[in-house]
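Observations on chain architecture
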Amino acid sequence: MALARWQRTIVDDAGNILPGASVEVRREISGAPLAVLYSDRDGLVSIGNPFSADLTGFARFHVIGGAYKITVTSGSFTQTLRYVGVGLSGETDGSVVPGLSYLFDTSVVDANPGNGVIRFNNATLGSVTQIYASETVTNGVNVASYLATFDDAGSGSNRGTFQIISDTGYLLASLQTLTDDGSYYQFNVTVLASGGAFSIGQTVGLTFYPNGTASTGDVVGPGGATADTFPLYNGTTGKLIKASTHTATNIGAGLQTVYIPASAMAAPASGGGVYSVLEMANGGIYPVMSLSTTGFPVIAWQWEMPKGWNEGTLTYRVLWSHPATTTNFGVHFTVQAFAVGDGEALNGTYTTSTVVTDTGGSTDFKYTTPTSAAFTVDGSPAEGDLVVFRLFRFAADVLDTLAVDARIHGVALFYTTNANTDA
């Protein structure tokens with residue numbers, strides 16, 4: 001990008017040409033520093049400041065666009081021009097870039113670039129590792145306290161992202177560290193992306209996007225929490241947590257169901273239920289254990305309790321049906337169970353029982369009893385024990401009024417686990 005040019009024939013108040021007059025150029029910003037002047041539009045050949053007009057009184061220089069204080073001296077004559085605007089807006093459409101406004105300097109030296117100036121440590125954008133930015137932007141405002149905040153967030157390897165753009169180029173870079181060198185800041189960066197190029201004297205905009213605040217990654221949980229437990233929200237805000245009893249091993253624990261079909265049941269040689277297969281006219285086939293209306297017909301099954309069983313109480317429901325009858329549809333079922341551990345005798349004793357009653361009514365309809373009250377497995381049960389169950393119909397009870405067989409299709413057993421695996 002070309003530099004702006006200022007030129008004039010130096011004359012005194014009477015209009016007399018002043019050959020060899022001294023011309024001093026300072027920037028109209030805090031400290032009024034001497035401007036860096038060039039003899040050519042591309043900024044390749046610098047000239048002194050002050051410099052002298054030629055023998056015809058003509059003076060010219062090229063400079064980064066901005067406001068300048070120009071002082072002319074010849075003998076006893078001195079003239080000062082304030083806030084002289086030097087720039088390229090008269091020959092271009094111009095543009096406004098977002099962010100802090102700087103003028104770009106192509107020097108790659110780690111030194112104060114001058115008020116309102118920014119430079120890099122490498123002429124190749126993709127190879128830049130340091131950015132040198134004045135603590136003062138082009139309008140003279142000191143932004144040192146703002147630049148100092150750039151390393152307040154994020155982590156040591158990535159504090160945030162620089163965006164430096166112009167009409168002709170861009171640079172995106174992550175910030176690692178910064179150093180306050182008094183009048184300018186040195187930023188150590190890693191380039192993320194770049195394109196185009198920046199020219200001397202070009203207006204660029206600097207924007208910084210900080211990362212989130214760095215943390216240790218630790219979460220302080222509630223007092224009294226148990227190791228390796230999952231936290232629970234305390235209320236509905238989603239902000240507070242409280243202790244829980246849920247661990248990696250008991251997530252998924254709770255009430256479980258196992259279904260024992262009639263085909264898995266057996267009956268004693270006498271006084272027991274009778275196994276048969278019920279066939280419906282439409283093709284439905286149902287294994288059933290039929291319990292008669294006399295005495296206490298019994299059926300039984302056995303089940304090795306899972307390792308996840310909490311060794312607590314059980315409940316059950318009976319799935320049943322009945323053949324045709326016209327009145328008296330009540331049934332009375334009782335379940336008992338005892339446990340046999342490894343190396344223990346099989347002749348356990350039933351001492352605890354629980355009862356459910358239900359009412360039928362329609363021939364060949366499926367009925368399900370209410371869930372029973374909780375009952376205890378006899379014999380000091382433990383995980384992995386073989387538990388022997390028996391179910392009998394208490395046909396002699398006044399609550400059992402069904403005048404035909406009660407057909408057992410199966411029993412749903414409910415037990416509680418304290419782990420999500422039987423391993």
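All values derive from a computational prediction rather than experimental measurement.

1. Details of unusual backbone geometry
P50 follows N49 through a cis peptide bond whose omega is 10°. Within the chain, Y83 stands out as a residue other than glycine whose phi angle is a positive 50°. Of note, Y83 is situated in strand β8 (residues 77-86). In this structure, N328 is a non-glycine residue whose phi angle is positive, near 60°. If you trace the backbone, N328 turns up in the loop between β22 (315-321) and β23 (330-340). Using a relative accessible area of 44% as the deciding quantity, one classes N328 as partly exposed.

2. A look at a nonpolar patch on the surface
Together, Y275, V277 and I285 line one region of the surface with nonpolar side chains, adding up to about 290 Å² of accessible area. Looking at the secondary structure, you find Y275 in strand β19 (residues 274-279). Of the residues examined, Y275 reaches a relative accessible area of 42% and is grouped as partly exposed.

3. What to know about the nonpolar core
Ranked by internal contacts, the top residues of the largest apolar core, which has 35 residues, are V318, W320, F333, F389, L391, I408 and L413. The set of elements that each furnish at least two residues to this core consists of β18 (254-261), β20 (285-291), β21 (298-304), β22, β23, β26 (386-393) and β27 (406-417). Those residues in contact with F389 that sit more than four places away from it in its chain are I299, A300, W301, W303, L314, V335, Q336, A337, Y350, F375 and L413.

4. Describing the pairing of β8
Note that strand β7 (residues 66-74) and β8 share 8 bridges and pair antiparallel. Each bridged residue has a counterpart across the sheet, and for V72 the counterpart in β8 is Q79. In textbook terms, the turn of a hairpin is the stretch between consecutive antiparallel strands, and for β7 and β8 this stretch comprises 2 residues, one of which, G75, has a positive phi near 65°.

5. A word on the sheet that holds β7
Strands sit in the order β5-β2-β7-β8 across an open sheet of 4 strands; the sheet is antiparallel. Edge positions in the sheet fall to β5 (51-52) and β8, since each of these pairs with one other strand and no more.

6. Here's the deal with the packing of aromatic side chains
Summed over all chains, the structure comprises 21 aromatic pairs. Between the aromatic rings of F296 and F392, the centroid separation amounts to 6.2 Å while the plane-to-plane angle is 80°, which identifies the pairing as edge-to-face. Of the two residues, F296 is situated in the loop between β20 and β21 and F392 in strand β26; the sequence distance between them amounts to 96 residues. Residue F392 is classed as buried on the basis of its relative accessible area of 14%. Aromatic ring contacts, followed pair by pair, group Y146, F150, F162, Y185, F187 and F208 into a single cluster.

7. Things to note about the pairing of strand β24 (residues 353-359)
Side chains T354, V356 and D358 of β24 all project onto a buried face; the interleaved residues S353, V355, T357 and T359 project onto a face where none is buried. With 7 bridges connecting them, β23 and β24 associate as antiparallel partners. Bridge pairing in β24 places V335 opposite T354.

8. Details of the environment of A4
Topologically, A4 is positioned in strand β1 (residues 4-9). According to the relative accessible area criterion, A4 is buried, its value standing at 2%. Residues A4 and I64 lie 60 residues apart in sequence; the distance between their C-alpha atoms is 6.1 Å. Apart from residues lying up to four places away in sequence, A4 is in contact with F61, H62, V63, G65, V86, G87 and L88.

9. Re the sheet that holds β21
The strand order β21-β26-β23-β24 describes an open sheet built from 4 strands, whose pairing is antiparallel. What marks the edges here is a single partner per strand, and that holds for β21 and β24. Sheet twist, expressed as the average angle between the axes of neighbouring strands with direction ignored, equals 20°. With 7 bridges connecting them, β21 and β26 associate as antiparallel partners. Across the sheet, residue W303 finds its bridge partner in β26, namely V387.

10. Focus on the pattern of salt bridges
The tally for this structure, following the rule as stated, stands at 5 salt bridges. Put simply, R26 and E24 hold a salt bridge, and the shortest N to O gap is 3.3 Å. The salt bridge involving R82 is made with E28; its shortest N-O contact spans 2.7 Å. Within this pair, whereas R82 is found in strand β8, its partner E28 is found in the loop between β2 (22-27) and β3 (37-38), the two being separated by 54 residues in sequence.

11. So, the side chain of D378
Along the chain, D378 falls in the loop between β25 (367-368) and β26. With no salt bridge to any partner, buried D378 finds its closest opposite charge in R390, at an N-O distance of 8.4 Å. For D378, the side chain forms a polar contact with the side chain of T352, separated by 2.9 Å. Setting aside residues no more than four positions away along its own chain, D378 makes contact with A337, F338, A339, T349, Y350, T351 and T352.

Quick notes on the rules
Residues numbered from 1 in each chain as written. Predicted model: local features only at pLDDT ≥ 70, side-chain atom pairs only at ≥ 80, totals over all residues. Heavy atoms only, no water. Helix = DSSP H or I, 4+ residues; strand = E, 2+ residues; numbered from the N terminus. Buried < 20%, exposed > 50% of the residue type's maximum accessible area, 1.4 Å probe, protein only. Patch = residues over 30% accessible without salt bridge, like charges linked within 9 Å, V, L, I, M, F, W, Y side chains within 5 Å. Areas by Shrake-Rupley, 256 points an atom, 1.4 Å probe, with all protein chains shown as cover. Salt bridge = Lys/Arg side-chain N within 4 Å of Asp/Glu carboxyl O. Core = buried A, V, L, I, M, F, W, Y, C linked by side-chain atoms within 4.5 Å. Contact = heavy atoms within 4.5 Å. Pairing = 2+ DSSP bridges. Phe/Tyr/Trp six-rings, centres within 6.5 Å; stacked < 30°, edge-to-face > 60°. Axes fitted to C-alpha atoms, helices over the stretch in contact; angles between N-to-C directions. Lys, Arg positive; Asp, Glu negative; His and termini not counted. Polar contact = N/O pair within 3.5 Å; in protein donor to acceptor, adjacent residues only side chain to side chain.

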